[in-house]
Amino acid sequence: MREKLTKSDVEKIQAEIEHRKLVERKELIEAVKEARSHGDLSENFEYHAAKKEKNRNESRIRYLERMLKTAVIVEDHSKADEVGLNNTVEIYCEDDDEVETYRIVTSVRGSSLNGLVSIESPIGKALLGHKEGDRVYVKVNDDFGYYVVIRKVVKTQSEDGDHIRSF
């Protein structure tokens, strides 16, 4: 699947790759060397843990580089009164009789537990392009969906402060 990323997402991923290559890689190689010097590798927990952490870092670097190679850059083209990327949206859920607030973000930033909803999620897809007061059907799957009413849309100018989710 090709990730949809903003220019800011790309910059943050590039910064993470650089940090992992220039800082963490060196530290982890040193940790492996240090643990190796403690003797018998077959029973050396520190060596195995350090090596595992080094491999995890290398795996993350490869994952991020692959993501950047295949990514599609997206921009917010929504009008001033429409729900768009990086907007905060307050919705009324009719079935639950509750009000919820979400920020619409790219899939790498999505974290529903933190109120960050991906543009690829059912609710993210449903809300995009709609306006305050609109009653929107959120299709979860072929058999289930629900209605929400958009109460408020707050346009956000900056993406700063968000973090790229680790996998």
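Predicted model, so just to flag it, every value in this text is computed and none were measured.

Below, the discussion takes up helix H1 (residues 7–36). Compared with the 44 Å implied by 1.5 Å per residue over 30 residues, the 42 Å span of H1 between its first and last C-alpha is a close match. For H1, the principal kink sits at Glu-24 and spans about 40 degrees. The elements touched by buried residues of H1 are strand E1 (4–5), helix H2 (45–70) and strand E2 (72–73).

The next point concerns the packing of H1 against H2. Where H1 meets H2, the closest approach of the two axes is 9 Å, and the angle between their N-to-C directions is 160 degrees. When the axis of H1 is compared with that of H2, the two are roughly antiparallel. Handedness of the crossing formed by H1 with H2: left-handed. Here the residues of the contact of H1 with H2 sort into 14 nonpolar, two polar and 13 charged.

Before going further, it helps to spend a moment on a negative patch on the surface. A cluster of like negative charges, contributed by Asp-95, Asp-96, Asp-97 and Glu-98, occupies part of the molecular surface. Here Asp-96 is to be found in the loop between strand E3 (88–93) and strand E4 (98–105). For Asp-96, a relative accessible area of 47% translates into the label partly exposed.

The sheet built from five strands is open, its strands ordered E5-E4-E3-E7-E6 with mixed pairing. Looking at the sheet topology across the chains shown, the edges are occupied by strand E5 (116–118) and strand E6 (135–139). With direction set aside, neighbouring strand axes in the sheet form an average angle of 45 degrees. Here six bridges tie E3 to E4, and the two strands are oriented antiparallel to one another. In the strand pairing of E4, Tyr-92 is matched with Val-99.

Right, let's get into the pattern of salt bridges. Inspection of every chain in the model, using the stated rule, returns 13 salt bridges. With its nearest N and O atoms 3.8 Å apart, the salt bridge here joins Lys-33 to Glu-30. Here Glu-30 and Lys-33 lie together in helix H1, a separation of three residues that amounts to about one turn. A salt bridge links Asp-81 to Lys-131, with the shortest nitrogen-to-oxygen separation between them at 3.5 Å. Of the two residues, Asp-81 sits in the loop between E2 and E3 while Lys-131 sits in the loop between helix H3 (122–127) and E6, which places them 50 residues apart along the sequence. Under the relative-accessibility criterion, Asp-81 is labelled partly exposed at 40%.

Basis of the calculations
Every residue gets a number counted from 1 within its own chain, in the order that chain's sequence is written. A pLDDT threshold of at least 70 governs which residues receive local features in this predicted model, and a stricter bar of 80 or more applies before side-chain atom pairs are shown or counted, although totals over entire chains, interfaces and linings include all residues. Each side-chain value is derived from all of the structure's non-hydrogen atoms; neither hydrogens nor water enter the calculation. Secondary structure follows DSSP: runs of H or I at least 4 residues long count as helices, runs of E at least 2 residues long count as strands, and numbering of each begins at the N terminus. The length a helix should cover is 1.5 Å for every residue beyond the first. The term bend refers to the angle at a residue between two fitted axes, each drawn through seven residues, those ending there and those starting there. Between two residues, a contact is recorded if the distance between any of their heavy atoms is within 4.5 Å. Every axis corresponds to a line fitted to the C-alpha atoms, with the helix fit spanning only the stretch in contact, and the corresponding angles, defined between N-to-C directions, vary from 0 to 180 degrees. Our angle categories are set so that under 35 degrees counts as roughly parallel, over 145 as roughly antiparallel, 65 to 115 as roughly perpendicular, and the remainder as oblique. Here is the rule for handedness: rotate from the far helix to the near one, and if that takes an anticlockwise turn smaller than a right angle the crossing is left-handed, while a clockwise turn gives right-handed. Only Asp, Glu, Lys and Arg are considered charged in this grouping, and only Ala, Val, Leu, Ile, Met, Phe, Trp, Tyr, Cys and Pro are considered nonpolar; every other residue, Gly among them, is considered polar. Every patch collects residues that have over 30% relative accessible area and no salt bridge, joining them within 9 Å if they carry like charges and within 5 Å if they are nonpolar side chains (Val, Leu, Ile, Met, Phe, Trp, Tyr). Surface exposure here means Shrake-Rupley accessible area, sampled with a 1.4 Å probe, where a residue is shielded only by the protein chains that are shown. In the sections that follow, a salt bridge refers to a side-chain nitrogen of Lys or Arg positioned within 4 Å of a carboxyl oxygen of Asp or Glu. Charged residues are defined narrowly, with Lys and Arg counted positive, Asp and Glu counted negative, and His plus the chain ends left uncounted. Taken as the charge location is NZ of Lys, CZ of Arg, CG of Asp or CD of Glu. We call a residue buried when its accessible area falls under 20% of the maximum for its residue type, exposed when it is over 50%, and partly exposed in between, using a 1.4 Å probe and counting protein chains only. Should DSSP find at least two bridges between two strands, the strands are taken to pair.

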